[in-house]
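Coordinate inspection notes
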Amino acid sequence: MRLMTVLLGFALVAGACGGGDSDSGSGTASATSAAPATTAATPAPATTQAQTQVTIAAVEQTTTTQGAVTTTEAPLPEPEGTLRMVEFSPVTSFNPAASQPAQSAYHYPAYDTLTRQRNDFSLAPSLATSWTQPSPNIWRFTVRDDVVFHDGAAFNAQVAADNMRYHASFPGNPNAATWAAFVEARVIDDTTFEVEFSVPAPQFPLEMSMVMGMMISPNALDGRDLTRDPQGSGPWIWSDSDSQAGVTEVYHLNPNYWNPADQGVETVTVTAVPDNNARLNALLTGEADIMSTTRDAQIDAGVEAGNVLISVPNFFAYLIVSDRAGEFDSPLADERVRRAILHSLDRDAYADAMHFGKADSLGGIYPPAFSQFNVPELDTKYSYDPDEARRLLAEAGYPDGVTIRMPIMPAINPIVEFVVQMLGASGINVDLIQINNGELGPGTAGAQWGISWFRDLLVHPARDLGKFMGESGRFNAFGLGDLDDLEATLVGALNASTPDEGYELYAEVMEGLIDRGVVMPLAHGGQNALYAPHVSGVSLGLNMQAPMPYGVRIDG
């Protein structure tokens, strides 16, 4: 299968698509590099926020170009200053195999990935200099021979293969679905290794640009506790003595780094500021240079103050129904009840109220920015119709309405309360289950409730859809087999001989997930970050909540 990369360009806009800051714990099944449009990334003077749109044509590729992530013939300016980032939550673990992509702000300074995302979402070499697909189920990587970990260990193909096995077998890995089809990693020679899967994994090289592709020193793959002990080869080295657990993590320049072009600053700090307004104030008052997880309601204030918005339009908000057998809430076993919920969702009102007009109200899983996977017919299939919702409830034997239960946590209080209000208008009452921030993803995966609000940062159907079905589906929490036919169709899409054939099969899976009331779309917006006008080189990739520090410079 060819690796298709759709590159739809950039726009620096003050009113771009919005995002969110909820801790949903998403990120599961598997991802190709078919990429959406983005809004971002060249800093403009604060008083002249230009609006431009550049569209880059689609390209096909089966192998990468050779070489380093960044190459230059001119002398590099010396790293200078401190890059100060404010993040939504503190780091939970410095072990990439124990971390969700939402934690990547704390990992990218200290770790290298096999591949690297460019600002147009195409893939660039990093520790891997090239990759090919000798057969549908196998990826072959060639790696650098000049990389040294912070502890002095050398990187080579054996270390990379050992990391593949480590990630794949790590207990409780929140990205387990990336490795669900993993069979083996084999060393070919000192600089070449292969990764084999039981089914095609077209998304795998892209996933290797995320926490799943972060390489750990071979000296730390023996069960060592990395919770407060990062062991990477990245541009900066974590400082235990300068860091304060749960507050600020500090990283100083790695003097032996293989690619000095990545090192634009001497020091990187990442500070946890859970309060949204406090995080914005830190940027506005000059206490921070980059603010991650910027809420839609904060975009205008941040841009009007002269800061720059970078936004990837892959934020997908939806309701997930995992209890389709009615084990937790019996009404959810009836597909008519689930369709009644679909017809109770006023997506226009939701986009206005929750995204401040900076999101769409389309009813499909992929927005038009993902042109390779957008299914226009789904965008309007289930309209807001409370009368139809009440009719379906009555037909299912609930003329007086139903009561279901749904989790709520501080980070998503307004969202869930708005959803409850929408459902209540159709006679669907909701009892709320109070949980703590960070418990939504694990609780959904652990069958602790039957329906919940959720959000994904969309990447590719192989990654984004597989988590709802099959034995390895993280969010098939109740172990149901009602989607086995859709799982077979998804495997067929992975094995498709042409992109058009794959599109039709992916579309069939998406339609089935919506028709059966498994996934109930609410809105598509942007994953946002703001950065100060004196900062340059900022990049934000797919499945990332914070910009990468590579090549970022403080200009003034």
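Note: the structure precedes this text.
Attention in this report is confined to the structure presented alongside it. (Residues numbered from 1 in each chain as written. Predicted model: local features only at pLDDT ≥ 70, side-chain atom pairs only at ≥ 80, totals over all residues. Heavy atoms only, no water.)

**Comments concerning the sheet that holds strand S14 (residues 308-321)**
In spatial order, the strands read S10-S11-S12-S3-S13-S18-S14-S17; together these eight strands make up an open sheet with mixed pairing. If you trace the sheet from one side to the other, it starts and ends with strand S10 (236-238) and strand S17 (451-457), each paired once. When strand S3 (residues 82-87) meets strand S13 (residues 290-291), the two strands line up parallel, connected through two bridges. Bridge pairing in S13 links Val86 to Met291. (Pairing = 2+ DSSP bridges. Helix = DSSP H or I, 4+ residues; strand = E, 2+ residues; numbered from the N terminus.)

**Things to note about the sheet that holds strand S9 (residues 192-197)**
If you walk across this open sheet you meet the four strands as S6-S7-S9-S8, and the pairing is antiparallel. Only two strands of the sheet have a single neighbouring strand rather than two, namely strand S6 (128-135) and strand S8 (182-189). The mean inter-strand angle of the sheet, taken between neighbouring strand axes irrespective of direction, is 20 degrees. As paired strands, S6 and strand S7 (residues 138-143) are joined by five bridges and run antiparallel to one another. Bridge pairing in S7 links Ser135 to Ile138. (Axes fitted to C-alpha atoms, helices over the stretch in contact; angles between N-to-C directions.)

**Here we look at helix H4 (residues 276-284)**
Residues of H4 that are buried: Asn276, Arg279, Leu280, Ala282 and Leu283. Buried residues along H4 cover an arc of 155 degrees about the axis, so they all sit on one side. For H4, the secondary structure elements touched by its buried residues are S3, S13, helix H5 (296-304) and strand S18 (519-531). The N-cap of H4, judged by a side-chain oxygen 3.1 Å from the amide nitrogen of Asn277 a few residues on, is Asp275. Downstream of H4 by one or two residues, Gly286 has phi in the positive range, about 85 degrees. (Buried < 20%, exposed > 50% of the residue type's maximum accessible area, 1.4 Å probe, protein only. Arc of directions from axis to C-beta. Contact = heavy atoms within 4.5 Å. Polar contact = N/O pair within 3.5 Å; in protein donor to acceptor, adjacent residues only side chain to side chain.)

**Thoughts on the environment of Glu439**
With respect to the helices, strands and loops of the structure, Glu439 is situated in the loop between strand S16 (428-434) and helix H11 (440-445). Residues Glu439 and Met409 lie 30 residues apart in sequence; the distance between their C-alpha atoms is 8.2 Å. From its side chain, Glu439 meets the backbone nitrogen of Asn436 in a polar contact 2.9 Å long.

**What to know about unusual backbone geometry**
Phi angles above zero are rare outside glycine, and Thr293 is one such case at about 40 degrees. Note on placement: Thr293 falls in the loop between S13 and H5. On the basis of relative accessibility, which here comes to 1%, the residue Thr293 falls in the buried class.

**Some details on the environment of Leu221**
As for its placement among the helices and strands, Leu221 is situated in the loop between helix H3 (204-207) and S10. Separated by 58 residues in sequence, Leu221 and Asn163 have C-alpha atoms that sit 7.6 Å apart. Those residues in contact with Leu221, other than ones at most four positions away along the chain, are Asp162, Asn163, Tyr166 and Ile216.

**Examining the packing of aromatic side chains**
Per the stated rule, a full pass over the model turns up 19 aromatic pairs. Aromatic pair Tyr257 and Trp258: ring centres 5.4 Å apart, planes at 45 degrees, arrangement tilted. You can call Tyr257 buried: its relative accessible area is 7%. For Trp258, a relative accessible area of 11% corresponds to the buried category. Taken together through their ring pairs, the aromatic side chains of Trp131, Phe141, Trp179, Phe182, Phe193, Phe197 and Phe204 make up a single cluster. Residue placement shows Arg116 over the ring face of Tyr550; its charged tip is 3.7 Å from the ring centre. The side chain of Arg405 reaches across the aromatic face of Phe328, ending 3.9 Å from its centre. (Phe/Tyr/Trp six-rings, centres within 6.5 Å; stacked < 30°, edge-to-face > 60°. Lys NZ or Arg CZ within 6 Å of the ring centre and 35° of its normal.)

**Some remarks on the packing of helix H13 (residues 484-494) against helix H14 (residues 499-515)**
Geometry of a packed helix pair, given as the angle between the helix axes and the separation of the axes. Following both chains from N to C, one finds H13 and H14 inclined at 160 degrees, their axes separated by 8 Å at the closest point. In terms of orientation, H13 and H14 fall into the roughly antiparallel class. The chirality of how H13 crosses H14 is left-handed. Residues Leu486, Thr489, Leu490, Gly492, Ala493 and Leu494 of H13 form the contact with H14, whose participating residues are Gly502, Leu505, Tyr506, Glu508, Val509, Gly512 and Leu513. (Parallel < 35°, antiparallel > 145°, perpendicular 65-115°, else oblique. Left-handed = near helix turned anticlockwise from the far one by under 90°.)

**A word on the pairing of strand S15 (residues 402-408)**
Counting buried positions along S15 yields five of seven residues, so the element is predominantly enclosed. Judged from the seven bridges that link them, S15 and S16 form a sheet pairing that is parallel. Within S16, the position partnered with Arg405 by the bridge is Asp431.

**Describing the pattern of salt bridges**
Counting across every chain of the model gives 25 salt bridges. Across the pair Glu511 and Lys381 runs a salt bridge whose closest N-O atoms are separated by 2.8 Å. Taken together, the residues Glu511 in helix H14 and Lys381 in the loop between helix H8 (376-379) and helix H9 (386-395) connect sequence positions 130 residues apart. Using a relative accessible area of 34% as the deciding quantity, one classes Glu511 as partly exposed. The network of salt bridges with shared partners includes Asp334, Arg336, Glu388, Arg391 and Glu395. (Salt bridge = Lys/Arg side-chain N within 4 Å of Asp/Glu carboxyl O.)

**Some details on the packing of helix H6 (residues 335-343) against H9**
The geometry of H6 relative to H9 is characterised by a closest axis approach of 8 Å and an angle of 170 degrees between their N-to-C directions. Relative to H9, the element H6 is oriented roughly antiparallel. Helix-helix and strand crossings are classified by hand; for H6 and H9 the assignment is left-handed. Of H9, the residues touching H6 (which contributes Arg336, Val337, Arg339, Ala340 and His343) are Pro386, Glu388, Ala389, Leu392, Leu393 and Glu395. Its residues placed into classes, the contact of H6 with H9 shows six nonpolar, one polar and four charged. (Nonpolar A, V, L, I, M, F, W, Y, C, P; charged D, E, K, R; others polar.)

By themselves, these figures tell us nothing about what the structure is for.
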